[in-house]
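# Structure at a glance
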Amino acid sequence: VNATQVLATPDDRYEALLDLYQGLDADASALLNTRLVLLFMNEIGDAARLISLEKLT
Amino acid sequence: MLGDMPFELVWVGPYFYSTQLLDSFRYRRILFLGDAAHVKSPFGARGGNSGIQDADNLVWKLALILRGEAGEALLATYDEERRAAAQANIRVTRRSGRFMRPANDSERLFRRAVLSLAGEHAFARGLLNTGRLCTPHDYHGMSAFGTQGEGVGASVPNVALTERGATISLMTLAARANGRLMLFVDAACANLDAVLAALVTLPVVVHVLGVDIDADDASRAHLCVPIAGAALIRPDSHLAAVVESADSMRVRAAVTRALAQPVLQPEMFA
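Please read these numbers as outputs of a predicted model, since none were measured by experiment.

Let us look at the overall build of chain A. A tally of helices and strands in chain A yields 3 helices and 0 strands. In chain A, the order of α-helices and β-strands from amino to carboxyl end is α-α-α. In terms of C-alpha radius of gyration, chain A reaches 13 Å, well past the compact-globule figure of 10 Å for 57 residues. Buried residues in chain A amount to 11% of all 57 residues.

Set out below in structure tokens:
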């Protein structure tokens, strides 16, 4: 886990993330958060990396 | 689960479950099994199945002890093995319960997310948990098994074998062994007569593969019998030991461990 690494195009990524939530109320936004967590969890896959990431929060 | 199909609710009722586990499955001369030893939520059919598995684990040990064929130390393995299995079952059923009855808003939200993804994505279907079916517990590393040998501690499937041209299942052989262990020895074992002689006084039924019992390649792989070696299988179908290059000392040591008897010093075999 490397939390110091900066994304190549941070502003693009951040904007894309905000756009995903455009027009969503709190309930829909919370559901999208959770769906993304599950998708990212599956994509990362490795349990040790996931635990390291969870510790950063 | 039903998708867009119309349905009618016929009955709705409360559903209670709880989890309880005894500190020890043995108290003096009383042995506990099934719901008397462990109460769990029934997801995955782990209540009834684990009760039967407890009995399967215990009865052959009791039979050997009552017949004087094994020492009472063998009983300690019942608590060791089945209490660990009960703990595993409780962990699994708790997880199912937590999925089906989320404890708070966050857990409910995660379930909604899983359900919303499950239609399209296989990974999310893997997270759906309405109960995980009961499986035999793996006793690998426990005192009657040790840590050596691939498959040791696991349950051997009820494979089909051949005896004098007729098909016979592993569990039929186990029933015939009447509580005793089963040793499957490869006919290529270097000193077969010495191995057989070393087991005469022990509660073991010996089957020589290729002589009195035949196994095809798939069945033999399940039995875990190495070339020139032997596999020791308990009446409850768990693989007790895999003996490479079987000789009388190694085979006796495997039986001794499986019966939780004091290990004899090597010089005593001389």
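The next subject is the nonpolar core. Side chains that are nonpolar tend, in soluble globular proteins, to be buried together. All names here are of chain B. Counting 55 residues, the largest nonpolar core has Phe184, Leu223 and Leu232 as the members making the most contacts within it. Leu232 has contacts with Leu181, Met182, Leu183, Val204, His238, Leu239, Ala240, Ala241, Ala254, Val255 and Ala258, leaving out every residue within four places of it along the chain. With 9 residues, the next largest nonpolar core counts Phe99, Ala113, Phe123 and Ala124 among its residues.

With 9 residues of chain B at the contact, the number on the chain A side is 10 residues. One can count 1 salt bridge joining chain B with chain A. Of the charged contacts, one joins Asp27(A) and Arg112(B) as a salt bridge, the two residues approaching to 3.1 Å between their closest N and O atoms. One can count 2 residue pairs in polar contact (both at pLDDT 80 or more) joining chain B with chain A. Sort the elements by how many residues they give to the side of chain B that touches chain A and helix α3 (residues 105-118) of chain B lands first, with 7 residues. Counted by class, the side of chain B that touches chain A contains 7 nonpolar, 1 polar and 1 charged residues.

To continue, consider the sheet that holds strand β9 (residues 230-233) of chain B. Think of a sheet as strands paired side by side through backbone hydrogen bonds, with each pair either parallel or antiparallel. Residue and element names in this part refer to chain B. Ordered by their spatial adjacency, 4 strands build an open sheet running β8-β7-β9-β10, and the pairing between neighbours is mixed. Looking at strand neighbours, the two that pair on one side only are β8 (204-209) and β10 (239-243), the edges of this open sheet. The average angle at which neighbouring strand axes cross in this sheet is 15°, direction not considered. Examined bridge by bridge, β9 and β10 share 4 bridges and lie antiparallel to one another. Across the sheet, the residue bridging to Ala231 is Val242, located in β10.

Residue alternation in β9(B) divides its side chains into two sets, Ala230(B) and Leu232(B) and Ala231(B) and Ile233(B), and both sets are buried. In this antiparallel pair of consecutive strands, β9(B) and β10(B), the connection spans 5 residues, and Ser237(B) shows a positive phi of 80°.

Okay, the packing of helix α2 (residues 26-44) of chain A against α3(B) next. For the pair α2(A) and α3(B), the least separation of the axes is 9 Å and the interaxial angle reads 70°. Viewed along their axes, α2(A) and α3(B) adopt a mutual orientation that is roughly perpendicular. Crossing of α2(A) over α3(B) shows right-handed handedness. Two secondary-structure elements touch here, α2(A) through Asp27(A), Ala30(A), Leu31(A), Thr34(A), Arg35(A), Val37(A), Leu38(A) and Leu39(A) and α3(B) through Leu109(B), Phe110(B), Arg112(B), Ala113(B), Val114(B), Ser116(B) and Leu117(B). Residue composition of the contact of α2(A) with α3(B), grouped by class: 10 nonpolar, 2 polar and 3 charged.

Residue and element names in this part refer to chain B. Not every positive phi belongs to a glycine, and Arg28 is a case in point at roughly 50°. Looking at where Arg28 falls in the secondary structure, it is placed in the loop between β2 (26-27) and β3 (30-31). Positive phi outside glycine occurs at Arg164, with the angle close to 45°. Here Arg164 lies in the loop between β5 (160-163) and β6 (166-169). Assessed through its relative accessible area of 76%, Arg164 is described here as exposed.

Conventions used here
Residues numbered from 1 in each chain as written. Chains lettered and ligands numbered in written order. Predicted model: local features only at pLDDT ≥ 70, side-chain atom pairs only at ≥ 80, totals over all residues. Heavy atoms only, no water. Helix = DSSP H or I, 4+ residues; strand = E, 2+ residues; numbered from the N terminus. Rg over C-alpha atoms; globule rule 2.2 N^0.38 Å. Buried < 20%, exposed > 50% of the residue type's maximum accessible area, 1.4 Å probe, protein only. Core = buried A, V, L, I, M, F, W, Y, C linked by side-chain atoms within 4.5 Å. Contact = heavy atoms within 4.5 Å. Salt bridge = Lys/Arg side-chain N within 4 Å of Asp/Glu carboxyl O. Polar contact = N/O pair within 3.5 Å; in protein donor to acceptor, adjacent residues only side chain to side chain. Nonpolar A, V, L, I, M, F, W, Y, C, P; charged D, E, K, R; others polar. Pairing = 2+ DSSP bridges. Axes fitted to C-alpha atoms, helices over the stretch in contact; angles between N-to-C directions. Parallel < 35°, antiparallel > 145°, perpendicular 65-115°, else oblique. Left-handed = near helix turned anticlockwise from the far one by under 90°.

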